[in-house]
Amino acid sequence: MMLRTWVSALVVCGWAAMGFAADAAPTAEQIEFFEKSVRPVLLNRCASCHGVDEQEAGLRLDTKAAALKGSTAGAVIVPGDPDRSRLLHVVGYTEDVQMPPDEKLPEAEIAALREWVKQGAAWPGEAEPAAPPPKVEDSSSAIDAARASHWAFQPIARPAIPAVRDAGWPKGDIDTFILAELEKAGLAPSPAASRAVWIRRATYDLIGLPPTREEIEAFEHDGAADAYEKVVDRLLTSPHYGERWGRHWLDVARYADTKGYVFTEDPRFPYSYTYRDYVVRSLNEDVPYDRFLLEQLAADQLGLGDDQRALAGMGFLTVGSRFMHNIHDIIDDRIDVVCRGLMGLTVTCARCHDHKFDPVPMADYYSLYGVFASSVEPSEKPLVAMPEENEAYLKHQAEATMRQQALDGYLATHLEELRSGARTRVAEYLAKAIVGGATPIPEGAMLSLQPDELKPGVTQRWRDYLAETAKAPHAVFAPWHALAALKPEDFLTQAPALVANLPTEVAGGAPPVNRLVKDALVKGPLASMTDVARIYGELLAAIEGQWREAQRVAASAGGEPLKALPDPASEELRQVLYADGAPCMVAKADIEKQYDFFLDRTVANEYNRLKRELEGWKAQSPAEPPRAMTLVDQPTPHEPHIFLRGKPGQAGEMVPRQFLRVLAGPERKPFEHGSGRLDMARAIVAGDNPLTARVMVNRVWMHHFGAPLVNTPSDFGVRCDPPSHPALLDYLAATFRDDGWSLKRLHRRLMLSAVYRQSSAGSADSEQVDPENRLYWRMNRRRLEFESARDSLLAAAGRLDHAIGGRPVALSQQPYSTRRTIYGVIDRGDLPGLYRAFDFAAPDATTPQRPRTTVPQQALFLMNSPFVMEQARGVAARPGVAAAEGSNRVRAMFEAVLGRGATPVEVRQALDFVEQSPPAEAKDPASAWGPWEQLAQVLLETNEFMFVD
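Residues numbered from 1 in each chain as written. Predicted model: local features only at pLDDT ≥ 70, side-chain atom pairs only at ≥ 80, totals over all residues. Heavy atoms only, no water.

Take the packing of aromatic side chains next. Inspection of every chain in the model, using the stated rule, returns 40 aromatic pairs. Taking the centre distance of 5.8 Å and the plane angle of 45° together, the rings of Phe-34 and Trp-116 count as tilted. Taken as a pair, Phe-34 in helix α2 (residues 28–46) and Trp-116 in helix α5 (residues 107–118) lie far apart in primary sequence, 82 residues in all. A relative accessible area of 2% places Trp-116 in the buried class. Taking 5.3 Å as the distance between ring centres and 45° as the angle between the ring planes, the aromatic pair formed by Phe-177 and Tyr-731 counts as tilted. Here Phe-177 is found in helix α7 (residues 173–184), whereas its partner Tyr-731 is found in helix α30 (residues 726–738), with 554 residues between them in sequence. An aromatic cluster of at least three residues, connected via ring pairs, comprises Trp-249, Tyr-255, Tyr-275, Tyr-278, Tyr-289, Phe-292, Phe-316, Phe-736 and Trp-741. Sitting above the plane of the Tyr-823 ring, Arg-819 keeps its charged end 4.1 Å from the centroid. (Phe/Tyr/Trp six-rings, centres within 6.5 Å; stacked < 30°, edge-to-face > 60°. Helix = DSSP H or I, 4+ residues; strand = E, 2+ residues; numbered from the N terminus. Buried < 20%, exposed > 50% of the residue type's maximum accessible area, 1.4 Å probe, protein only. Lys NZ or Arg CZ within 6 Å of the ring centre and 35° of its normal.)

Take unusual backbone geometry next. Of note, the bond from Gly-524 into Pro-525 is cis; its omega dihedral lies within 30 degrees of zero at -5°. As for its position among the elements, Pro-525 is in the loop between α22 (515–523) and α23 (529–556). Backbone torsion omega between Gln-814 and Pro-815 reads -5°, so that peptide bond is classified as cis. Relative to the helices and strands, Pro-815 is located in the loop between α34 (786–796) and α35 (833–837). Here the phi dihedral of Asp-286 falls at roughly 55°; this positive angle occurs in a residue that is not glycine. Along the chain, Asp-286 falls in the loop between α12 (272–284) and α13 (289–298). According to the relative accessible area criterion, Asp-286 is partly exposed, its value standing at 22%.

For the rest of this paragraph, the subject is helix α16 (residues 362–373). Taking 1.5 Å as the rise per residue, α16 with 12 residues should run 16 Å; its terminal C-alpha atoms sit 16 Å apart, in good agreement. Of all the 12 residues making up α16, 12 are buried; the element is thus mostly covered by neighbouring parts of the structure. Listing the buried residues of α16 in full gives Met-362, Ala-363, Asp-364, Tyr-365, Tyr-366, Ser-367, Leu-368, Tyr-369, Gly-370, Val-371, Phe-372 and Ala-373. Those residues of α16 hidden inside the fold are in contact with α14 (315–318), α15 (327–343), β1 (375–376), β3 (641–643), α27 (661–664) and α28 (677–684). (Expected span 1.5 Å × (residues − 1). Contact = heavy atoms within 4.5 Å.)

Time to look at the environment of Ala-707. Summarising the element assignment, Ala-707 is placed in the loop between α29 (692–705) and α30. Setting aside its immediate chain neighbours within four residues, Ala-707 contacts Trp-701, Met-702, Tyr-776 and Asn-780.

Under the definition given, this model contains 66 salt bridges. Measuring nitrogen to oxygen at the nearest pair gives 3.6 Å for the salt bridge that ties Arg-247 to Glu-787. Taken together, the positions of Arg-247 in helix α11 (residues 239–252) and Glu-787 in helix α34 put the pair 540 residues apart, joining distant regions of the chain. Neither residue differs from the other here; Arg-247 and Glu-787 are each classed as buried. A salt bridge links Glu-571 to Arg-574; the nearest nitrogen and oxygen atoms lie 2.8 Å apart. Taken as a pair, Glu-571 and Arg-574 lie in helix α24 (residues 568–578) at a separation of 3 residues, close to a single helical turn. Judged on exposure class, the residue Glu-571 and its partner Arg-574 are both buried. One salt-bridge network, in which partners are shared between bridges, spans Glu-243, Arg-790, Asp-791 and Arg-820. (Salt bridge = Lys/Arg side-chain N within 4 Å of Asp/Glu carboxyl O.)

This is the structure we're talking about:
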């Protein structure tokens, strides 16, 4: 067993060498977490009693120094130790003192505070950097100053090619930029890697799989001048290229097959896979990157013609977490994936306040909020491929129709009950709207309504209706708004005269007030707006009764159904109850969006059961045709307001839907087309946007060279480190755009460079000057990512399924799937521990760069996992291996796993290992576990198999 122990030790030691040391300064991720999840809680929930104006118990929680100082009773935060932090006991209601006293914080906010303390209570913005950036206020001058000074906001210009002393090493302009910086530092590039090393590196980089022994030998013996080019071109045309680079993109897109925390409905996205397959197909077809982004943001508005497959690209926006259906959090997530994922800007830090560092005011955040608030998911998702109308599909459609009709019928029955009940309780709803003011029910709240309760959704519709009728003179509600403008103390004395003077005839061009409304108000009494609500309610209830009786009479006489009341004033009032968009005319789409706002507990539970069963059935049925998870524009775009402190119920000034000033400049204009999504998408890929191309070439460079040119791939803001090679970054960005935004041409440029050919071997002298290899004097050695590691295990065993696309499959359950890892189910609510152990991208938010950790579970998985043991058996049972004997069998096994022959020393060690191990205990090759299977597992555990040089 010595060989196995020795190799396992190499695995653990090799991984340890790849680990990161802890950094005392807050990381970009910690800063983002604090600004998005912690600071809003402290400001919105705590600052009123523990802020600048008031400090109960001597505790102040709006500054870092004060928070760490604690209260009169001592420290309330112990960085790194949530259990000893009294703040968490108080907000968790686990001791006598409970804060906030009126209502416990939501569990998500408590969890955010706990995670923040656990991470060390990082509080950015109060350290003392050498040159602290000024706080960006919501002022045009500050934004324009940052736009003019920060490197990332400067226009992309093709730089001059630098002069170098060693003119023989560069194979192109990229190498010249790298060599110029090396020569400045007194360094030289490393020698070229061997052909075997290079082809393995290139093959993993482009398709995420190991090269075969035959491919390696063919390349090693190819004496043609274009041997390297032929390998790159072959790999770029492989259908597996889209799978490899599609997975990189899915990290950015925070892809998952489930919705996250939803609880009361089926957690699965039935059609998430269509987005994943769209990404793979688009990359294989080398769809220009600017078109790729346009399709993901606004394919519904691109006029696609007969080929509707691009609609699936809009999953980029819609596969995110659903946050208990809190629409504000959903929109925030969509703004984040667009701005951080595509442009490297942390715009969502401006949700509750102006960005603390970058030139992004709240107004710009809510301009984009308005774009996404104007976009909704259609209840009927469009087909992206027409299914074959065979017997299985027709049977499936028949059952789908039956299930949908049951759901629609149930909803239609209770929708009419809801509308009818709302019309009889107008007075109560109006009174509730007054008491509630402009504060809406928090969307995403889990409501449990009784049958006799007022429905929050209807109340909110009345609030919105009143706000809309206040914008212009309204015959029915002009008196309401005039009375509402009176001060409470003046109501008794001024209301009667105001009502008496209401015009019921045309006066000065203004529409007359409805005479029935005036008559009812004149009769009074009018002591407050509560009386006004009662009078309006009684009047509308009378109109409702009059309409029902008129319908009954018309029906009994056998005449045509009535379309209106004969009296114009009465019909004007009836329209308040029955017109499209009227508060009581709740639409089916309203309930589908937020059913717990409109339905009582029993009805909502049954509706949800039917809906959950339908969605779950579709998610599992192989005959369900692929559909796109799109957005469409609402008929009337949302006009956004700033939410003061990020609270939806505290509306500030109105802002237009428009692009970020820091990128669009002072001459920007509001978006003109519908929601503005297509306008926004075009602004993102516009030639004068300095971020989009820079961000993408930086990502591609990172995946090829193991480290990005800009250390924070999703944060190009003013606090990020400058690029290690600014001229090279701009050269790549300019060339990328000039090449028609072709990713494959970008890959080709990078991979045919001399810097990409370098060996990964170290140099003591170079290590002294540049220990982090920021100047790229050698290639970075990289451990295989989770997907490539798992796929390589299957490939070595000869079991990998090369099929492209399709529904997600479970990977961590026996019998183990042999599909590529990209097709595994991503459950954001229950991500398997195996994924986390191997640093898989968390699907909760866009992932700029995967962490690289070293934990025992990684080595233990390779040594003990039934999946790995199954692949070891597969290696030992491969025809070319199982048919050989002795030293030939060893060589065949090395070729199958490592792509090379075994050295004489390795052959001798392997044979000694086999001879000293007990024989197999089972005759069945599928369950055998003997010395040859153990030797195969040893080879699968080696650093040579698990690392790329």
